Structure formats: C-alpha cells, structure tokens
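Report on the structure
Single-letter residue listing:
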Amino acid sequence: MKKFFIIANWKLNGSKKMIANFFKHLKFHSSTYLKKNTIIIAPPTIYLERVYKNINNMNIMLGAQNIDINLQGAFTGENSVLMLQDIGVKYVIVGHSERRLLHYETDDIIAKKFHLIKKFNLIPILCIGETEIDKKNGQTQTIIKKQLNSIFKKLGKSAFKNTIIAYEPIWAIGTGLSANPEDVQCIHKFIKSYIEKYDLINAEDITVQYGGSINHCNAKKFIEQPDINGFLIGNSSLSSEEFLKIIRIAHDIT
Ligand code: 13P
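Residues numbered from 1 in each chain as written. Predicted model: local features only at pLDDT ≥ 70, side-chain atom pairs only at ≥ 80, totals over all residues. Heavy atoms only, no water.

Digging into the overall build of the protein
Along the backbone of the protein there are ten helices and eight strands. The C-alpha atoms of the protein give a radius of gyration of 17 Å, which matches the 18 Å a tight globule of 254 residues would have. Dimensions of the protein along its principal axes, counting C-alpha atoms only, are 45 × 45 × 30 Å. By the burial criterion, 53% of the 254 residues in the protein qualify as buried. Contacts in the protein between residues at least 24 apart in sequence constitute 73% of all its contacts with a sequence separation of at least 6. Taken as a whole, the protein presents about 12400 Å² of accessible surface, with 52% of it coming from carbon and sulfur. (Helix = DSSP H or I, 4+ residues; strand = E, 2+ residues; numbered from the N terminus. Rg over C-alpha atoms; globule rule 2.2 N^0.38 Å. Buried < 20%, exposed > 50% of the residue type's maximum accessible area, 1.4 Å probe, protein only. Contact = heavy atoms within 4.5 Å. Areas by Shrake-Rupley, 256 points an atom, 1.4 Å probe, with all protein chains shown as cover.)

Describing the packing of aromatic side chains
One pass over the full model with this rule turns up eleven aromatic pairs. With 5.2 Å between their ring centres and 65° between their planes, F22 and F23 make a pair best called edge-to-face. A relative accessible area of 0% means that F23 is categorised as buried. By the ring-pair criterion, three or more aromatic residues cluster together here, those being F114, F152, F160, F190, Y194 and Y198. (Phe/Tyr/Trp six-rings, centres within 6.5 Å; stacked < 30°, edge-to-face > 60°.)

A closer look at helix α10 (residues 240–253)
With 14 residues, α10 extends 20 Å from end C-alpha to end C-alpha; this agrees with the ideal 20 Å at 1.5 Å per step. Buried residues in α10 make contact with β1 (5–9), α1 (16–29), β2 (38–42), α9 (219–223) and β8 (230–233). (Expected span 1.5 Å × (residues − 1).)

Concerning the pattern of salt bridges
One pass over the structure, following the stated rule, counts nine salt bridges. The salt bridge involving K11 is made with E98; its shortest N-O contact spans 2.8 Å. On the criterion of sequence distance, the pair formed by K11 in the loop between β1 and α1 and E98 in helix α4 (residues 97–102) is long-range, its members being 87 residues apart. According to the relative accessible area criterion, E98 is partly exposed, its value standing at 28%. K192 is paired through a salt bridge with D227; the nearest N and O atoms lie 3.3 Å apart. Here the residue K192 occupies a position in helix α8 (residues 181–198), and D227 occupies one in the loop between α9 and β8, the gap between them amounting to 35 residues. You can call D227 buried: its relative accessible area is 14%. Residues joined by salt bridges that share partners form a network here, namely R99, E105 and K113. (Salt bridge = Lys/Arg side-chain N within 4 Å of Asp/Glu carboxyl O.)

With respect to the site of the ligand
Around the ligand, a shell composed of 13 residues is seen, among which K11, H96, E168, G174 and S213 lie nearest. A distance of 2.7 Å separates an oxygen atom of the ligand from a polar backbone atom of S213. At 2.9 Å, a backbone N or O of N235 approaches an oxygen atom of the ligand. A total of 300 Å² of accessible area belongs to the ligand in isolation, and the protein chains cover 98% of it. Along the lines of polarity and charge, the residues of the shell around the ligand split into four nonpolar, seven polar and two charged. (Near = heavy atom within 4 Å. Polar contact = N/O pair within 3.5 Å; in protein donor to acceptor, adjacent residues only side chain to side chain. Nonpolar A, V, L, I, M, F, W, Y, C, P; charged D, E, K, R; others polar.)

Quick notes on the side chain of N66
Positionally, N66 belongs in the loop between β3 (60–64) and α3 (81–86). Relative accessible area serves as the criterion here: at 18%, N66 is assigned to the buried category. Within the local environment of N66, its side chain forms a polar contact with the side chain of K113, the two groups lying 2.8 Å apart. Residues in contact with N66, not counting those within four places in the same chain, are L84, V92, I93, R99, E105 and K113.

Topic: the packing of α1 against helix α2 (residues 48–55)
Between α1 and α2, the shortest axis-to-axis distance is 11 Å and the interhelical angle comes to 20°. Compared by their axis directions, α1 and α2 come out roughly parallel. Note that α1 runs across α2; the crossing there is right-handed. In this structure, α1 contributes K16, I19, F23 and K27 to the contact, and α2 contributes R50, V51, N54 and I55. (Axes fitted to C-alpha atoms, helices over the stretch in contact; angles between N-to-C directions. Parallel < 35°, antiparallel > 145°, perpendicular 65-115°, else oblique. Left-handed = near helix turned anticlockwise from the far one by under 90°.)

And the structure:
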C-alpha cells in the first residue's frame, strides 16, 4: 500500500464564492475519502486564510504557491516563508514552470527558495520537467539532472529529505494531453535513482508526484504505477466534483 499525495494548485483562480461552494461540497461528501492519502490545497496567497478556516478538522493541509527569497523588508508585493508559516501553511510549491518561464526564476533562485522553505521546517514541492522541444531532442533526463543538481549544489547531501518532487512535463500542463503513465513511471524511477546516488535518502523515501492534465478519466493508470506517489493538479482541482472524483480513485487503489 502506498501513500499518495494529491495537491491542488489553484494558480491564479478562485473567489470567495468559489471557495464557499468548493468546501460545502467537499465537507458533505468526503469525510471517509480524505483520511487515507495526504490532500493539500494551494490557493492564491490572498485566499490562504480563508481556505485555512475551511479545512479545519478536514484532513486537508494548506499549501502556498510561491515565496520571496527574502524574509522581510522593502520588497513590495512579496510574501515571505515566515508569514506563510505564521498563518498555518505547511507546504510550498517552488520552481513551477510558470514561475520559471513567466517570472524568469532561475535554478539559482529556485534553490534559494527551496533552502528557505526547508530552513523554516515547511515542505517544498519542487517542480521539475522538460519542454516539448527538450523532449523531442531526447533531453528530458539532462534537464531533470540540471534542475536537481542546482538543489544539491545549494543544500548538499540531505537536500531531498522531507521534500516532495513534482515531475511536470511542460507540454502536458493545461493542454489536456497528459503524458503516458508508463513513460512517467520510467522518469520517476530515474529521478529517484539519481537522487539516491547523491543524497543520503533511500529511493523508497522519495516522493515524486506527476502533474500535467490529470483528470478522473486518466488518474487510475498513473496511480497504478509504483513510482508515482501523487498528483499536482491544476484545472481539475478547481471543481470540487472533479477533485473529489480523483481523490476517491486514489482512495480505492492505494
Ligand atoms: P493542469 O492539471 O491544469 O495541467 O496543471 C498542472 C500543473 O501545472 C499543476 O501545478
């Protein structure tokens, strides 16, 4: 039996009304399905406290989508890891491809953020993955190694203890074209063996999630793969009905 992590990344979506309806539905239908696996919701920062109040006694954890590289000071518009910790956040997504591509976050910035998240005892969810061109050029493993190496360079040999890795091939995000579950299994196996080579952690203690167009129709085949330990879900996490369907499928298989 494997423990599965299901994380909702709401990205720049949500409203007070959406949150009220989402949790009304979840509370009514879900109590038995939330116990077995770890469910995390990462709303936009402005809604973190609202979601926190809603998940009280629900076996759901609070996640954030980003932090600044600074802890406090004159950094207009930013949020620090200390503030997120202060309001009950336990997990922080870092290195999402949308931040790498649209906000120009380099491997170095991501490693700094990853380090801060760990330093303050929160759990980083490190997103890695290749573009469509990388894939066509057979560069998937090279890209993944580079992304992992920058974390090793900053944190050393215990870098990946108490962390989650989310393999998200960029071409599969928000496209409706998920990757092939068997291919993802091979890549997750590669990620685990690469980390095990340089880190003190054992492969079986490494959590690697998949993200990219997951929905209730394709979830089962991914969950059945031995080295897929969870999902990072965008679009399908915005509807409580769809999100709960995926949670139920994972509940029945794991
Ligand atoms: P989609 O599930 O919408 O493809 O998004 C995946 C993702 O980017 C989660 O972080």
